[in-house]
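Architecture and fold: a report
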Amino acid sequence: MPTRRTRAAGNQWESTEQRHFRCHVGEINYDVNIGGTQLRFRPLFSDCHLLTEQRGRSRRLTVDERKRQVPAMPVSLLWAVDVYGRVYSLSTAGQVWEQCRDAQMEFKRVTAAQRCCWGIACDNGVYLNVHASDLPVRCQEEAYENQRWNPVDGFSDRLLPSDRWQWSDVTGLQHQPLDGFRLPSVSWEWEGDWHADENLDGEPTEKGGWTYAIDFPATYTKDKKWNSCVRRKRWLRYRRYNVMDSWAKIPSQQAALPDPFSDISCGGWEISDEPRGRMSLWAVSLQGKVWFREGIDHHNPEGSSWEEMTLPGEVVQISCGPGDLVWAVLWEGQLIVREGVSRDCPKGTSWAVVDSPSPEVGATHVAVGINVVWALTKDNKVWFRRGVNSHNPCGSGWIGMVGEMLMINIGLNDQVFAVGREDRAVYFRQGVTSSELSGKTWRAVTVPRDGDRSHSSASSVQSAGCYFCGEERAPSAVSDVESDTEKGSTDGSGLLLAAAAVSTEPSADAAPTDPPEARVPKVTSDSFISDLVSDREPATAPWGAAVPEEDLVLGEEEVRAPCAGAAISSSQSGGLGQWSNVDLEEAQGQRDQAGAPADSADTCSLSSLAAYALAAEDQYGADQHPLWAWVSGGGCSVDSHSQLGWFNCSTTNASPLVQSVQSMSLSVTPAQTAAWRRQIFEQLSERTKREMDNFRHYEQAVEQSVWVKKGTMQWWRDWRPHKWTDVHFALEQFSGPEGDKDGILFIYYNFNEEKKYLHAFINEVTILVPVLNDAKHSFAIYSPERTKQRWPIRLAAPTEQEMHDWLALLSDACCSSRGIQGPPSKQAVWSVTCKGDIFVSEPSPGLEAVPYPTPCDQMFWRQVGGHLRLVESNSVGVVWGIGYDHTAWVHTGGDGGGFSQGLASSTDNIYTQVDVKSVYIYENQRWNPVTGYTNRGLPTDRYMWSDASGLHECTKTNMKPPSAQWTWVSDWAIDYGVSGGTDRDGWQYAADFPASYHGYKTLKDFVRRRRWSRKSKLTTTGPWQEIPPISLIDVSLLPCAAPSGVDVVPLWAISNKGDVLCRLGVTALTPAGSSWLHVGTDQPFKSVSVGGASQVWAIAKDGSAFYRGSVSPQSPAGDCWYHIPSPARQKLKQVSVGRTSVFAVDENGNLWYRQGVTPSYPQGSSWEHISNNVRKVSAGPLDQVWIIADKVQGSLSLSCGTVCHRLGVQPVEPKGQSWDYGIGGGWDHITVRGNSTEPPRARLPSLTAPAPPAPPAARSAEVNGSAGEC
Amino acid sequence: MADDKDVLRDVWFGRIPSCFTLNQDEVTEREAEPYYLLLPRVSYLTLVTDKVKKHFHKAMRAEDVEEMWFEYEGTPLKWHNPIGVLFDLHASSSVLPWSITVHFKNFPDRDLLHCPSSSVIEAHFMSGIKEADALKHKSHVVNDMQKKDHKQLWMGLQNDKFDQFWAINRKLMEYSSEDGGFRYIPFRIYQTTSDRPFIQKLFRPTSPEGSAHTLGDLLKEMCPTALPPDGEPKRYQVVIHGIEPLLETPLQWLSEHLSHPDNFLHICVIPVPSD
């Protein structure tokens, strides 16, 4: 294999895999598996063979005929890839997923046919696995030797100048010397040498195989005649495809393939009257292009070349059925259908566009069979296309189906397989028949994987010994660490697991000690982890017992080792440890009885014992049942009559282990998937079909009418003198003709005894914001116009409850008038107000359009439950937040909570969230010569108890928590952690108020102050889950990651102690990640940002910037920091890195752009000033720039904390030109890093393509130099 | 899987296509065309048939018109039962649209309650809600509501406003987590084969041991005939909102999600169609 991962590079994957439940294949299974490769496929050949025979007679058998002829059910395979990239197959006759042993790397996709399976591996190469068959894949090569007669030499190779080549093809036009023939790929071998063909049209020729003619080209005869002036001989040689039943990389003849493939689909083998063995293979590249593989047939299973198809848009996924159906999904969510696919034109001729099943939600996935098309939309809903057949490949309409799926695939006979969203189980659609193509119900395939099964009859030393330590390795190999690293990732991880354990076991001296660095990523040069590891070694066996997480916290660091953390974290294994220990004892006992203490076995059982204990620790329940990423049924021949043993595995023969595994997986099955619940959903949708679908034209019994909700409120009058005025408030809602709701809100007031009103259209409201006000329960309503004025409608409800009711109602009305529902999309723009309220806005497609973007003030913001200080997102939908108390939170994907305990929100994924913040007041004193410092100030002085500004009196008794939602949870205490330092009593000194304070008294200091703090706590609910235990002050996610659910998303954070951290295991599927990796620094840091191509920038406490070198997916933490001086006389405080551009904000509110950043020189050359009055910046995956700005002047007022958008940002103009002002003031934070929605025009280059890594040469050159400003 | 709140919407927006025809015996001035309507399953016949009334009034002389009532295949339809219950109980095996005969004469006083105005329906509906809350929360929730909340429940039903109805109704569906469910499940079991209008008894959502009671547990105690005898094909269908939930469906969940707006779980036990 071309990409054998080095150990260090592979670490990230391995740590995830270590978490994974690994068990053993006993010796017996092992044997079976060795033979099993053949056994498994053997029945398939007979099936294939039968087909080929029949096809040889140019007639195709129907499925039923085939059945009749094959007495037993033909055995075929369902292929699947789990989230770790391992390929498995499940036989229709089997009850266990068998891992594809020879896949030497992880796969992303597979697409199966009956005689082969194609895949895309993690090296982005296309691989082919041709199933062995009795009919070898041979290909004949031929060349002709031509001679002409002349009177001198007789027949000789001296030809006339006008003649053909002496060695040519049959036409004579092509020069073809015998040594010019090359094997198409390493998968082929020559069967023998060249030999002459001694037949002519079935009759033997004279010796030598010469055939004669009057001249080229003419009719050749076997007999030499008087007028035969020329003769020719046909030379033959056979080549044979020799890679059967294993994965062989398809050589890419074209160096021209610009970007790697992301999706692949084969089919087309049943296009009417097609030659045997022909197949269509379609592929999608990361840039959304579609390629067709030319020339695949029985004699050329690899095909010959890729041909690019023209497209109406960018494709994300494609599906090709066995017949002539080819559908693809466009990036924008529509689908395209290939038309004109036929025997003579398997590529088809043109595309037709079909709209997404759901107008608001784009399609993400499509799967086609012979007569069916199934699709998934972004919300994971499943859709069935009516009326699809070869005459009408587009079909006629969508029908919503039950279930939520991540991907879907159609097998033979239009059977449907899918991967469930909730549990990632493989589902089979039951009841699909030719008359009922949509089937009846989803049924989860519940068979275990071969790796999950322990064999109850495992009795030998070896099988006991190699328990849990890697799967197919011979036990003695366990100790053979070095040689085994060659065996590829699957092996390697198991091995490393064992090795790690060995090195930490007290009795490890018995084992060949693998250096612990083996499992330590490169960052250990920062010495932290190696410390950790060396600390561990003397410790005696804490590993076997559940290691509490606290044990891993080292001093102040609170960081865990990456691998160890992954392996040991979450010690929820109480019960699990129980049964595993029992099993282990049994295994040991068997070993003693067997009494074969060979050295290797001994070592191996030792290490495996340790590995086992480790493995037992990391039993996440969720990992117990396989998590699937992809399934392909193209090689799987089942129909509605098939008896499949896939669904309820009998546990009678299984060992207790299997039973435990199964009961575990049962217990982790979400209640959502309970049969009764699914039954209700399915029946309700059937009821709708039955009772309503045909009667939609009937009149509704109840007409929709206007609905009015009224109440009383106070309104902050628009004109001077501003004051709170009692008003009547009403919301009128009505349904539009399409059932869409709209409304108007009215504010009725009296002015000079005259009744007047103010109104606002609900569909023009851009945001409803609760306003921090300790006296009123107030909120503000903005429209684009009001945003321009910086003067919202400010209202106050009589009680807090009423305010929340109104906000929930109004927010629901606004969302439904704009057709927005459900959780925020992955692209959403998030912002946080200074009150800690969280808002999201769904970016319009034109938000980043150049030159006319959607104006910022028209963005609609809706609130999300919870309370945070900052929130960061990325385009795969991973969202993290940090609370005021520095707690890290991850978005659960839920919707609602907190402010909207109504129907508008679901209770799914909503949790309690607590936040704590400190309220500060200052005690101020002035020195006088008589009494020293006292609380008697000068008449001109500030209040002796005040806020930080000194302008407002704040005493311990009159100070209230920030709002009614907050309650005090501590008493007032002196705060010593004030910048500038304090003396022992917390005092800071200065010459006078207000001045700069220092923590010691000098002769010139006449005033002093000290800060008191008191903690208050807020309890709310929201779609957030806490990520203990490390407190954070900043977090950043790679903004543009591949949309796959399993790809790891780089996430960097700064702990509240200033440590730089890297989160491992963050994927779209597991947004919380698994463990922290500590990145060493010389000083505390305060801000970090990871941008495109894994550029990591950070800001240290001293205000200078740092660039992290060599960060890549293989080395997620990089290797070293490059210091980058801050702009002259400025201290930076925050940084944000977009796709390529780097922006930073300093403590004086200046925004800086880093000039000269190039892939080869990622540190850039200098800072360029862009703007002042900037509080925070967020650079996005399109390099778009958004800030929170201060002092934004509106037509009526000035606002601080305003969301602003940089206009005119283009690839050639990354700094942009001017600001567009959006919602505010009172905003503290914004992130646009989820929005990778490219504007419809003026496209930027694709983001999904990985940016070229910086050339290592350039980088190493900079290691010595100070990578600073040049 | 879909969200549970989708079930609430499906239940609320269930519609039965119906065809109203005037009884043959009614005296008309001109021929009265049938009238087609989508009836909300969760509403009441007399609440949603103003249009039907107007339609047939046009064909009749005012003096021939008395109180309107409905009949299906000889059975007078009790307006005080939800429409969906009437359909499931009497007509679930019939061909759609549901053919309902409209009468303006000979009101069957013995079978039907008079319904002179929608305020009667409102009173009936609200008494259902109050009775259900008495069972669920000892009436605490409904008594804590304001008059306007009660009105909003009714207006929600009357105007087919799901959001407005559920904005209040969700409070009626709450329970503290320590209770694990309602005090008693408000349910009514209807049978065509029985003379009793319905079965309604006290039944808790959980067993004394703390396990959740299921629909099967309820039927076993209240109406054992509805359950299929061992080894024999089932004779009765247990229908709620036109669907047959599995007998292992937890009763508390059913009560929260498949109750009618009056907060009762209306369960129809009907013979399996013989065909």
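Residues numbered from 1 in each chain as written. Chains lettered and ligands numbered in written order. Predicted model: local features only at pLDDT ≥ 70, side-chain atom pairs only at ≥ 80, totals over all residues. Heavy atoms only, no water.

Time to look at the packing of aromatic side chains. Scanning the entire structure with this criterion turns up 57 aromatic pairs over all chains. Each ring, one from A:Trp188 and one from A:Tyr241, has its centre 5.3 Å from the other, and the planes form 80°; the classification is edge-to-face. Taken together, the residues span a long stretch of sequence, with A:Trp188 in strand 10 (residues 188-190) and A:Tyr241 in strand 15 (residues 230-241) at a distance of 53 residues. Neither residue differs from the other here; A:Trp188 and A:Tyr241 are each classed as buried. Feature note: the residues B:Trp12, B:Phe13, B:Phe162, B:Phe165 and B:Trp166 constitute an aromatic cluster, connected by ring pairs. If you follow A:Arg231 out to its NZ or CZ, it ends over the ring of A:Trp210, 3.9 Å from the centre. A:Arg1063 extends its terminal NZ or CZ atom over the ring of A:Trp1076, reaching a point 4.8 Å from the ring centre. (Phe/Tyr/Trp six-rings, centres within 6.5 Å; stacked < 30°, edge-to-face > 60°. Helix = DSSP H or I, 4+ residues; strand = E, 2+ residues; numbered from the N terminus. Buried < 20%, exposed > 50% of the residue type's maximum accessible area, 1.4 Å probe, protein only. Lys NZ or Arg CZ within 6 Å of the ring centre and 35° of its normal.)

Of the residues lining the interface, 40 residues belong to chain A; the matching set on chain B comes to 51 residues. Counting across the interface, chain A meets chain B through two salt bridges. Here A:Glu691 ties to B:Arg41 by a salt bridge, and the two come within 2.7 Å at their closest N and O atoms. In this assembly, chain A and chain B are joined by 12 residue pairs in polar contact (both at pLDDT 80 or more). Elements represented by at least two residues in the side of chain A that touches chain B include exactly strand 28 (397-410), helix 12 (675-691), strand 33 (707-716) and strand 34 (724-735) of chain A. With 12 residues, the single largest contributor to the side of chain A that touches chain B is helix 12 of chain A. Residues of the side of chain A that touches chain B, tallied by class, amount to 13 nonpolar, 14 polar and 13 charged. (Contact = heavy atoms within 4.5 Å. Salt bridge = Lys/Arg side-chain N within 4 Å of Asp/Glu carboxyl O. Polar contact = N/O pair within 3.5 Å; in protein donor to acceptor, adjacent residues only side chain to side chain. Nonpolar A, V, L, I, M, F, W, Y, C, P; charged D, E, K, R; others polar.)

Here we take up the environment of A:Trp1012. Residue and element names in this part refer to chain A. In this structure, Trp-1012 sits in strand 52 (residues 1007-1022). For Trp-1012, a relative accessible area of 10% translates into the label buried. Note: C-alpha distance between Trp-1012 and Tyr-920 (92 residues apart in sequence) is 5.5 Å. There is a polar contact of 2.9 Å between the side chain of Trp-1012 and the side chain of Glu-923.

To continue, consider the UniProt feature "domain: PH" (unreviewed entry) in chain A. The feature "domain: PH" (unreviewed entry), as given by UniProt, occupies residues 776-815 of chain A in the numbering adopted here. Split by type, residues 776-815 of chain A is 55% helix and 28% strand. Its first and last C-alpha atoms lie 26 Å apart. (UniProt positions renumbered as here; feature names shortened; annotations may be inferred.)

Residues and elements named next belong to chain B. Taken in spatial order, the three strands make up an open sheet running 6-8-7, and their pairing is mixed. Pairing within the sheet leaves two strands with one partner each, and these edge strands are strand 6 (187-191) and strand 7 (236-239). The sheet shows a mean angle of 20° between the axes of neighbouring strands, taken without regard to direction. Relative to strand 8 (residues 265-271), strand 6 runs parallel, the two being bridged by five bridges. Each bridged residue has a counterpart across the sheet, and for Ile-189 the counterpart in strand 8 is Ile-267. Across the sheet, helix 3 (residues 83-91) touches strand 6, strand 7 and strand 8, and the angle it forms with strand 8 is around 10°. Packing of helix 8 (residues 215-222) onto the sheet brings it into contact with strand 6, strand 7 and strand 8, and relative to strand 6 it is tilted by some 60°. (Pairing = 2+ DSSP bridges. Axes fitted to C-alpha atoms, helices over the stretch in contact; angles between N-to-C directions.)

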